[in-house]
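Residue-level structure breakdown
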Amino acid sequence: MIYGISKIVFKKACSIFFRKITIIGDQTLIGTRPVILALNHPNSFLDAIVTSVLVESNGGIYSLARGDAFKNKFLAKILATYKMIPIYRISEGKDNVEKNFETFDAAQQILQSNGTILIFSEGLCENNWRLRPMKKGTARMAKEAWLNPDTANAMVIPVGLTYEHFSGAGKSLIINYGEPIVAADFKGSDFQGSFTNDFNQLLGKRLNSLAYIDDSLVENSERHKKFMSNWSSLEKKHEGVAFLTELKKEIPTTSVFHKKLLPSKIHQSIILIPHYSFCKWLTYKITKGNLFYDSILLGVLVFLLPVYLLLIFFIGYCLILNFI
C-alpha cells in the first residue's frame, strides 16, 4: 500500500520537477512476461524513481541498488519498502559480494511471477553523458532466467536515459525503450564461454543508440550551456525519436544560452518558491552537490511539502485572526 501511494505521489512530483519527460519506444511488453530493464546510470536514485513511477507493471518494479546504501538499518527498511534490492560490488568486501547470490535468487523469483527487475548495467553512477563498460550483472541475470524453463521467455529491454542537466528542477529527460534482447539472439549458445562478453557487446551497442552519449560534455561548461540551449530549441520543433536524433547531431557553435526566468513549474507557483529554495539549500548541505543531489532533492521536496503547506496554513490562519 505504501509503495502504491508513494508511486502516485512521486509520479505527480516528477511531472512538476521535470520541465518535460519524453518517452520513446514500446512499454506494452512490460508486465506480460518476465522483464529485465537494463538502464544506463547517469543520475543516482532518480533514474530508478522516474523509471519506476512512469511504468505500469504487475506488482511494481523491483530495482537493484548499490549495497552500501543498505548499511543503515532504518534506510534499508525504507529502500525495501520501495522494492529496492541490494547488489554489492567487489570494493564493498568479499563477504558482501557473496550476498549477491541471495540477490540473484530473489530476482529469479520475481521473474518467475512475470515481474520486472530494473538493473543499472554499468554498475556505477556518474553525472555525465558517458556510457561506461557493461558489468556482468545483467548478463548473469539474463543467463539464469534463460536457463530456467519457467523464465526462458524472459526479455531484456535496454533503456537509455538522457538528462538535460543534473542540477535540480526545470530539466527535461528522455526515456528511450529499445528493442528487447531475448534468448534467441544467442541461438546455438549454451550461455557459457564468451556469452557474457557477447551479451555485453550487444547491450552496450543498444544503450549507445538509445541515449545521448558524449564523453567530452561536462556539466556547467560553456559547451554544456550551448547543449541546453540547443535542447530547448529542438524540443519545440521535434517529438519522440526525431527529437533525440536531432539532439545527437553536433552542438551548434552559435548556440547562446539564455537562463530562463522561470525554469520549472515549481517556480511558476509563487507560493512554492520558498519551499523549493529551502529544499535546495538543505539538499546541498546534505550532499555537498554530489551525484545524489538530484534524487535527494526530489525526495526532500516531496516529504517536506506537507510540513510547508501546514506552515503556510498556520501563518494564514494567524493573519486572519489578527484581522478579525
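Here the structure is a predicted model, which is why all the values come from computation and not from measurement. (Residues numbered from 1 in each chain as written. Predicted model: local features only at pLDDT ≥ 70, side-chain atom pairs only at ≥ 80, totals over all residues. Heavy atoms only, no water.)

1. Side note on a nonpolar patch on the surface
Nonpolar side chains collect at one region of the surface, where Leu311, Phe314, Ile315, Leu319 and Phe323 lie side by side and expose about 570 Å² of accessible area between them. Tracing the chain through its elements places Leu311 in helix H12 (residues 293–323). Overall, Leu311 belongs to the partly exposed group, its relative accessible area being 47%. (Patch = residues over 30% accessible without salt bridge, like charges linked within 9 Å, V, L, I, M, F, W, Y side chains within 5 Å. Areas by Shrake-Rupley, 256 points an atom, 1.4 Å probe, with all protein chains shown as cover. Salt bridge = Lys/Arg side-chain N within 4 Å of Asp/Glu carboxyl O. Helix = DSSP H or I, 4+ residues; strand = E, 2+ residues; numbered from the N terminus. Buried < 20%, exposed > 50% of the residue type's maximum accessible area, 1.4 Å probe, protein only.)

2. Side note on the pattern of salt bridges
Taken as a whole and judged by the stated rule, the model has 11 salt bridges. One salt bridge in this structure joins Asp214 and Arg223, with 2.9 Å as the shortest N-O distance. On the basis of relative accessible area, Arg223 is assigned to the partly exposed category, the value being 27%. Among the charged side chains, a salt-bridge network with shared partners connects Glu122, Glu126, Arg130 and Arg132.

3. Some words on the environment of Lys136
Among the secondary structure elements, Lys136 is positioned in the loop between strand S5 (116–120) and helix H6 (137–146). Along the primary structure Lys136 and Thr196 are separated by 60 residues, whereas in three dimensions their C-alpha atoms are 6.7 Å apart. Look past the residues within four positions of Lys136 in its chain and what remains in contact with it is Thr196 and Asn200. (Contact = heavy atoms within 4.5 Å.)

4. Some thoughts on the packing of helix H5 (residues 100–112) against H6
The relative placement of two packed helices comes down to the angle between their axes together with the axis-to-axis distance. Interhelical geometry of H5 versus H6 gives an angle of 50° and a closest axis separation of 10 Å. Relative to H6, the element H5 is oriented oblique. The chirality of how H5 crosses H6 is right-handed. For the pair H5 and H6, contact is made by Asn100, Phe101, Phe104, Ala107, Gln108 and Leu111 and by Gly137, Arg140, Met141, Glu144 and Ala145, respectively. (Axes fitted to C-alpha atoms, helices over the stretch in contact; angles between N-to-C directions. Parallel < 35°, antiparallel > 145°, perpendicular 65-115°, else oblique. Left-handed = near helix turned anticlockwise from the far one by under 90°.)

5. What to know about the pairing of S5
Of all five residues that make up S5, five are buried, and the element is covered over most of its length. Side chains of S5 alternate between two faces, with Thr116, Leu118 and Phe120 and Ile117 and Ile119 buried alike. With five bridges connecting them, strand S2 (residues 35–39) and S5 associate as parallel partners. Bridged to Leu39 within S5 is Phe120. Looking at chain direction, strand S3 (residues 61–66) and S5 are connected through three bridges and run parallel. In the sheet register, Ser63 faces S5, and the bridge partner there is Leu118. (Pairing = 2+ DSSP bridges.)

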